[in-house]
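# Reading the structure
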Amino acid sequence: MIIVTSLKNSSKTAKKIAKDLDCKFSQTKVSSFPDGDLYLQFKDDVKGKKVIIVESFQPNSNETLMNIIFAAKTAKDLGAKKIILVCPYLAYMRQDKRFNEGECISSRIMAELLNNSIDKIITVDPHIHRYKSLKDIFTIPAKNLSANDVIADFIAKKYKNPVIIGPDWESYQWADKISARIGVEDTVLEKTRHTYRDVDVEVKKQIEIKGKNVIIVDDIISTGNTMIKACKKAQEMGAKSVNAIGVHGLFVENALKKMEKAGFKDIFSVNTIEHVTNKIDITPVLLEELKKELPKKK
Ligand code: R5P
């Protein structure tokens, strides 16, 4: 038997998953004691069951990591058979090396903590840059799903005459695949990151942008500054409209307002993180993988 739960961030997706798998959804209670210590309580019996914890790492990635570890360890303690973490957005992945002396490599520490708490992780478009795959940090089965197809189908339905821009080198993983599925041109910009909040982009491969509806696609929209710089380039090159799609819309520090001010026509995200910009549904992709966990029919 399977039980689907969520903690604080992803109850909408968790409920959809439970409904489609025809399993019970049980909201786990997560709160704090007066002194701030974490309080967590499963509301249904998990003994002997597979527990699917659906929990994205935003908002509050540090707190979320703690919540997931406490939930997984508690479920095991209560006799759960297998703990599967579905985290549509996996945090900490951008810190994949020591950029400055003395820094922690957060992605490795996060993975180590999860390796010790859960049995399997399923995530969507994790920020893989210097790692070859999730296997570089996870010792448990780790499934890396992609939103590329649902994004491509959304663009094909919504926009006439689109071209795709990836705002930095790593974004070729989305830009190339999405443009190939729709059959349109794409270009990937070169980004220089000066600080967490200050970037510059340059066009290395010119494509015809004049009069086209430009869709800038990136894995993460955090401060929005990468998107804003890429938007300026597309505007300078004569785009008819400039639109943004992020797989993971974090939109920190008023990013959405800043992007609207920069002249974006549409700003959409995949629902890997619950946000007002969610227009593209990742649930079908998650379900395809999760159906493998259902008992085999005799
Ligand atoms: C980093 O390389 C990612 O792919 C994104 O481009 C980046 O996280 C976006 O961050 P921000 O929105 O703060 O510019």
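Further up the page is the structure itself.
Right, let's walk through the structure included here. (Residues numbered from 1 in each chain as written. Predicted model: local features only at pLDDT ≥ 70, side-chain atom pairs only at ≥ 80, totals over all residues. Heavy atoms only, no water.)

## Structural notes on the site of the ligand
In the vicinity of the ligand there are 15 residues, among which R94, D218, D219, T223 and T226 approach most closely. One of the side-chain N or O atoms of K191 is found 3.0 Å from an oxygen atom in the ligand. S222 has a polar backbone atom sitting 2.8 Å from an oxygen atom of the ligand. A total of 370 Å² of accessible area belongs to the ligand in isolation, and the protein chains cover 96% of it. Of all the cavities here, the one that holds the ligand is the largest pocket. Residue assignment for the shell around the ligand shows that the elements contributing at least two residues are β11 (190-193), β13 (213-221) and α6 (225-236). Top contributing element to the shell around the ligand by residue count: β13, with four residues. Tallied by class, residues from the shell around the ligand come to two nonpolar, six polar and seven charged. (Near = heavy atom within 4 Å. Polar contact = N/O pair within 3.5 Å; in protein donor to acceptor, adjacent residues only side chain to side chain. Areas by Shrake-Rupley, 256 points an atom, 1.4 Å probe, with all protein chains shown as cover. 1 Å grid on protein atoms, 1.4 Å probe; cavity = no way out; pocket = protein on both sides within 12 Å on 5 of 7 lines; lining within 4 Å. Sits in = over half its atoms within 2 Å of the grid points. Helix = DSSP H or I, 4+ residues; strand = E, 2+ residues; numbered from the N terminus. Nonpolar A, V, L, I, M, F, W, Y, C, P; charged D, E, K, R; others polar.)

## With respect to unusual backbone geometry
Omega for the bond connecting Q58 with P59 falls within 30 degrees of zero, at 0°, which places this linkage in the cis form. Structurally, P59 is set in the loop between β5 (50-54) and α2 (61-77). A positive phi angle, close to 60°, is found at D22, a residue other than glycine. For D22, the location among the structural elements is in the loop between α1 (11-21) and β2 (24-25). D22 sits in the exposed class, given a relative accessible area of 71%. (Buried < 20%, exposed > 50% of the residue type's maximum accessible area, 1.4 Å probe, protein only.)

## Concerning the sheet that holds strand β9 (residues 162-166)
The strand order across the open sheet built from six strands is β10-β9-β13-β14-β15-β16, with neighbouring strands paired in parallel fashion. At either end of the open sheet lies a strand with only one pairing partner, and these are β10 (186-188) and β16 (278-280). In this sheet, adjacent strand axes meet at a mean angle of 35° when their direction is disregarded. Taken together, the three bridges between β9 and β10 define a ladder with parallel strand orientation. (Pairing = 2+ DSSP bridges. Axes fitted to C-alpha atoms, helices over the stretch in contact; angles between N-to-C directions.)

## Focus on the side chain of S107
By the element assignment, S107 lies in helix α3 (residues 106-115). Judged by its relative accessible area of 0%, S107 is buried. Here S107 is in contact with Y92, M93, Q95, D96, Y131 and I137, once residues within four sequence places are set aside. (Contact = heavy atoms within 4.5 Å.)

## Regarding the pattern of salt bridges
Tallied over the full model, the rule gives 19 salt bridges. Across the salt bridge formed by E253 and R197, the nearest N and O atoms sit 2.6 Å from each other. Note that E253 is positioned in the loop between β14 (241-249) and α7 (255-262) and R197 in the loop between β11 and β12 (199-202), a separation of 56 residues in sequence. Classification of E253 as partly exposed rests on a relative accessible area of 41%. Residue classification places R197 among the partly exposed positions, given a relative accessible area of 48%. Shared partners join several salt bridges into a network, and the residues in it are K50, K82, K120, E289, K292 and E293. (Salt bridge = Lys/Arg side-chain N within 4 Å of Asp/Glu carboxyl O.)

## So, the nonpolar core
Here is a general trend for soluble globular proteins: nonpolar side chains tend to be buried in one another's company. Within the largest apolar cluster, 38 residues are counted, with the highest numbers of intra-cluster contacts made by V51, F57, L90, L114, I121 and F138. Elements supplying a minimum of two residues to this core: β5, α2, β6 (82-87) and α3. When residues in this core are grouped by element, the largest group, six residues, is from α2. Contact partners of F57, with chain neighbours within four places excluded, come to N9, T64, L65, I68, C87, Y89, L90, A91, Y92 and L114. Core analysis: the second largest hydrophobic core is formed by 36 residues, V124, L145, I178 and L290 among them. (Core = buried A, V, L, I, M, F, W, Y, C linked by side-chain atoms within 4.5 Å.)

## Looking at the sheet that holds strand β1 (residues 2-6)
Reading across the sheet, the six strands line up as β2-β1-β5-β6-β7-β8 and stay open at both edges, with parallel pairing between neighbours. Edge positions in the sheet fall to β2 and β8 (142-145), since each of these pairs with one other strand and no more. Bridging between β1 and β2 involves two bridges; their strand directions are parallel. Bridged to I3 within β2 is K24. Against the sheet, α2 touches β5 and β6, its axis set at about 160° to β6. Against the sheet, helix α8 (residues 283-290) engages β5, β6, β7 (120-124) and β8, with an angle of about 155° to β7.

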